[in-house]
Amino acid sequence: MSIVSEETSGTPLSDRFIAELQTEFPHFRIVRKRDSVLSRAIDVVLKILTFGAQRAFMTHYHTVLWDTLYVPDRWASTPDVARLITLHHERVHLRQRRRYGDAVMTFLYLVPFFPLGLAYGRARIEWEAYAETIRVTARYRGSDAARDPALRSHVVAQFTSGSYGWMWPFRKQVDRWYDAVLTELDETKAKGTTGPAPEA
Ligand SMILES: [Zn+2]
């Protein structure tokens, strides 16, 4: 719940959303991967497990472990709305952890590449978060942005490529998941229940 007051209207949307996250998750914090020994260790392990297919862990990927969001090098120069969309995606993971408990989430996120090449449970967990990415993109950048083929191929590649260890390499199925979210957005719009509402 957040109220946009006159005093805070100049605050970047992502900063306001971080404050919201800290209300829901009091231990939430953001740490740079470069400053994290754990992240650097994971980076090495991932490069080995994916035979080098996941080389962008430190530079491009955001990773939630427990209540900490580990951010890549480019976070510092990421524009406000892009940060906001990422934070919405990561909030899904924070809530999943509450829902499923530490044991399951640790299994899924500390051993994210198991079983390599086919990880349906993890794919569904990740899809729930990417569905939010698509919805929030539509909300803040318009429905054309959510339909942009570049976004679709980026999202689909997370499942079918080595980025997440080929977690669900069935492109047509992931495309159907994507279409279902777009249909849901259309239906919501038809009902007139969305608008340019910036509140999450
Ligand atoms: Zn995710």
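The preceding data block contains the structure.
Presented here is a report on the structure given in the accompanying data block.

What counts as what
Residues numbered from 1 in each chain as written. Predicted model: local features only at pLDDT ≥ 70, side-chain atom pairs only at ≥ 80, totals over all residues. Helix = DSSP H or I, 4+ residues; strand = E, 2+ residues; numbered from the N terminus. Buried ≥ 20, exposed ≤ 12 C-beta atoms within 10 Å, placed from the backbone. Axes fitted to C-alpha atoms, helices over the stretch in contact; angles between N-to-C directions. Parallel < 35°, antiparallel > 145°, perpendicular 65-115°, else oblique. Left-handed = near helix turned anticlockwise from the far one by under 90°. Contact = placed C-beta atoms within 7 Å. Nonpolar A, V, L, I, M, F, W, Y, C, P; charged D, E, K, R; others polar. Pairing = 2+ DSSP bridges. Core = buried A, V, L, I, M, F, W, Y, C linked by C-beta atoms within 7 Å. Expected span 1.5 Å × (residues − 1).

## Side note on the overall build of the chain
Looking only at helices and strands, the chain features 8 helices and 3 strands. When the helices and strands of the chain are listed from N to C terminus, the series reads α-β-α-β-β-α-α-α-α-α-α. In the chain, buried positions account for 28% of the 200 residues.

## A short note on the packing of helix 5 (residues 120-141) against helix 8 (residues 171-190)
Each packed pair of helices is defined by two parameters, the angle between the axes and the distance between the axes. Between helix 5 and helix 8, the shortest axis-to-axis distance is 10 Å and the interhelical angle comes to 40°. Relative to helix 8, helix 5 is oriented oblique. Considering how the two elements wind past one another, helix 5 and helix 8 form a crossing that is right-handed. Here Trp 127, Ala 131, Ile 134, Arg 135 and Ala 138 of helix 5 lie close against helix 8, whose contacting residues are Trp 177, Val 181 and Leu 185. Residue composition of the contact of helix 5 with helix 8, by class: 7 nonpolar, no polar and 1 charged.

## Remarks on the sheet that holds strand 3 (residues 68-71)
Across the sheet, 3 strands lie side by side as 1-3-2; this open sheet has mixed pairing. Looking at strand neighbours, the two that pair on one side only are strand 1 (29-32) and strand 2 (63-65), the edges of this open sheet. Adjacent strand axes in the sheet meet at a mean angle of 30°, parallel and antiparallel pairs treated alike. For strand 2 and strand 3, the ladder comprises 3 bridges, and the chain directions are antiparallel.

## Comments concerning unusual backbone geometry
Phi is positive for Trp 66, which is not a glycine, with a value near 50°. Summarising the element assignment, Trp 66 is placed in the loop between strand 2 and strand 3.

## Topic: the nonpolar core
Across soluble globular proteins, you tend to see nonpolar side chains buried next to one another. Grouped together as the largest cluster of nonpolar side chains are 15 residues, with contacts concentrated most on Ala 123, Val 156, Phe 159, Met 167, Trp 168 and Val 174. For this core, the secondary structure elements donating two or more residues are helix 5, helix 7 (149-160) and helix 8. Ignoring sequence-local partners within four residues, the contact set of Val 156 consists of Arg 171, Val 174, Asp 175 and Tyr 178. In terms of nonpolar packing, the next biggest core, distinct from the first, is built from 7 residues, Phe 17, Leu 21, Phe 28 and Val 136 among them.

## With respect to helix 3 (residues 80-100)
Over its 21 residues, helix 3 extends 30 Å from the first C-alpha to the last, a length consistent with the 30 Å expected when each residue adds 1.5 Å. By the burial criterion, the buried members of helix 3 are Arg 83, Leu 84, Ile 85, Leu 87, His 88, His 89, Glu 90, Arg 91, His 93, Leu 94 and Arg 97. A positive backbone phi angle near 90° is found at Gly 101, which sits one or two residues after helix 3.

## Some words on helix 5
One turn of the α-helix equals 3.6 residues, which is why residues spaced by three or four share an orientation. Its 22 residues give helix 5 an end-to-end C-alpha distance of 30 Å, which sits within 8% of 32 Å, the value for a rise of 1.5 Å per residue. Gly 142 sits one or two positions beyond helix 5 and adopts a positive phi of about 95°.

## Quick look at the pairing of strand 3
Relative to strand 3, strand 1 is paired through 4 bridges, and the arrangement is parallel. Within strand 3, the residue paired with Ile 30 across the bridge is Leu 69. The turn linking strand 2 back onto strand 3 is made up of 2 residues, and Trp 66 within it adopts a positive phi angle of 50°.

Keep in mind that these numbers describe shape and distance, not what the molecule does.
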